[in-house]
Amino acid sequence: MNKRVTKRIFKKILEAMQPGRKRYIKISSAHLSGISYLNIGDAGLEFLEDLGRSGLKFKVRTTINPGCVDYDSTVECDPEVVEKQRRIIRSLKNIGAIESLTCMPYLFDNPLRKNQKIAWAESSAVLYANSIIGASTNKEGSLTALASAILGYTARTGIHLRNGKKPRILFQYNGELKDEVDYGLLGYVMGVKAGAEIPYLRLKKPVGNILCYKQLLAGFGTSGAAPMVWIENLTPGFSRVKKPVRKIILDRTTLEEGRRILSEEAPPFHSKRLVFVTGCPHMSPEEIKIFHETLRSVDRLSVEAWVFTSRSAYLESFQKGLLAELSEKGVRVFKDSCVMYCSLKKDGAHVITNSVKAAYYLRGSFRLKTTLKSLKEFVEEYGGR
Ligand code: F3S
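The structure displayed is predicted, hence computed values, not measured ones.

This part is about the sheet that holds strand β14 (residues 370-372). Strand order across the open sheet formed by 5 strands is β12-β11-β10-β13-β14, with parallel pairing between neighbours. Lying at the two open borders of the sheet, with one neighbouring strand each, are β12 (331-335) and β14. With strand direction ignored, the average angle separating the axes of adjacent strands in the sheet is 25°. Sitting on the sheet, helix α13 (residues 356-364) is in contact with β10 (274-283), β13 (350-353) and β14, with an inclination near 170° to β14.

Right, here's the structure in full:
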């Protein structure tokens, strides 16, 4: 790949997004998705290897999403997939990527501040960056985020325009949200109804912590196209933003419609391999601690539990001794990888998860059957048998 020609191609990609004057806006951070070999295959691998050899370098701090392998635990994965995932990561590092391998880069590897202009792919991270931190990024695709990382700017479109963050539709939820799954389902249903419009969310009885909102935003990013949700009493600047006139009231019936699409009854635990999967988006050290505490009175789980997290969160939890104790109870903790994990693809296990996003993709892409249960429900049902 010729360095100059490649740069020109990337420029054309961004140009196509915003024709006319004032096309671009400078960015200070990028985050890339589409780096799992299971998603991009050989064509993507070759493209990134060519790019890695071109001599081009990222202009801004650039982190990368998880792949499909944890290199400390590769026995269940196809050796070819393991090797090809390694080559993808090596190529991205050649261009200057930080080997973050996480979908929560905002926590350790690519921290943000309010009003920072960035170009991030990975919908859950985009929604978090805009709605919780107050940064500004469109929901970039893998290619546009890559182009922006190389050029140092992005198209001045969508959220970067004047009024680009204006909410267009108000959702009001009057009922109780009992756990993180309810929050995820609410986000999912809102995404279906909002389409590409930015919503403003008013909860009559908010009880959830930041971790519940993380699930809400990931659920929203799964079904909706908008890059942010204004959350009353949470999103920076929510009190100053003009509230939309168009209002939709949501209730538990709407949530249950979402549950029917993504969840079915789990088979008895001795009749089929059941795996509880959590960490979509990746679990923070705080969430790992919550899981650890939920398991306090459990000797050993009766089904496998898999936690997905980042390297940094893994290290922090390891140093606190939490991972050793989780392991004794039958919990495996993976880093660098996504819930779209290499061995889950071929196993045909029934997956129980507290993540609406994980249920959506495991059903859609891996054709697995899924059941939604919160961490607490899972431990109550499968702890101590
Ligand atoms: Fe992260 Fe993979 Fe879920 S990238 S948000 S764990 S689908």
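Moving on from the model shown.
Domain assignment breaks the chain into domain 1 (3-160), domain 2 (169-261) and domain 3 (263-384). For domain 1 versus domain 3, the separation of C-alpha centres amounts to 27 Å. Facing the 23 residues of domain 1 at the interface are 26 residues of domain 3. Both sides of the domain 1 and domain 3 interface together cover about 1,900 Å² of buried area, and 52% of this is carbon and sulfur. Area buried by domain 1 at its contact with domain 3 is led by Asp70, Glu76 and Phe108, which between them contribute 28% of it. Taken together, the links from domain 1 to domain 3 amount to 5 salt bridges. A salt bridge links Glu122 to Lys357; the shortest N-O distance between them is 2.9 Å. Remark: the boundary between domain 1 and domain 3 carries 11 residue pairs in polar contact (both at pLDDT 80 or more). The class makeup of the residues in the side of domain 1 that touches domain 3 is 11 nonpolar, 5 polar and 7 charged.

About the cut-offs
- Residues numbered from 1 in each chain as written.
- Predicted model: local features only at pLDDT ≥ 70, side-chain atom pairs only at ≥ 80, totals over all residues.
- Heavy atoms only, no water.
- Pairing = 2+ DSSP bridges.
- Helix = DSSP H or I, 4+ residues; strand = E, 2+ residues; numbered from the N terminus.
- Axes fitted to C-alpha atoms, helices over the stretch in contact; angles between N-to-C directions.
- Contact = heavy atoms within 4.5 Å.
- Domains from an automatic or database assignment.
- Buried area = accessible area lost by both parts, 1.4 Å probe.
- Salt bridge = Lys/Arg side-chain N within 4 Å of Asp/Glu carboxyl O.
- Polar contact = N/O pair within 3.5 Å; in protein donor to acceptor, adjacent residues only side chain to side chain.
- Nonpolar A, V, L, I, M, F, W, Y, C, P; charged D, E, K, R; others polar.

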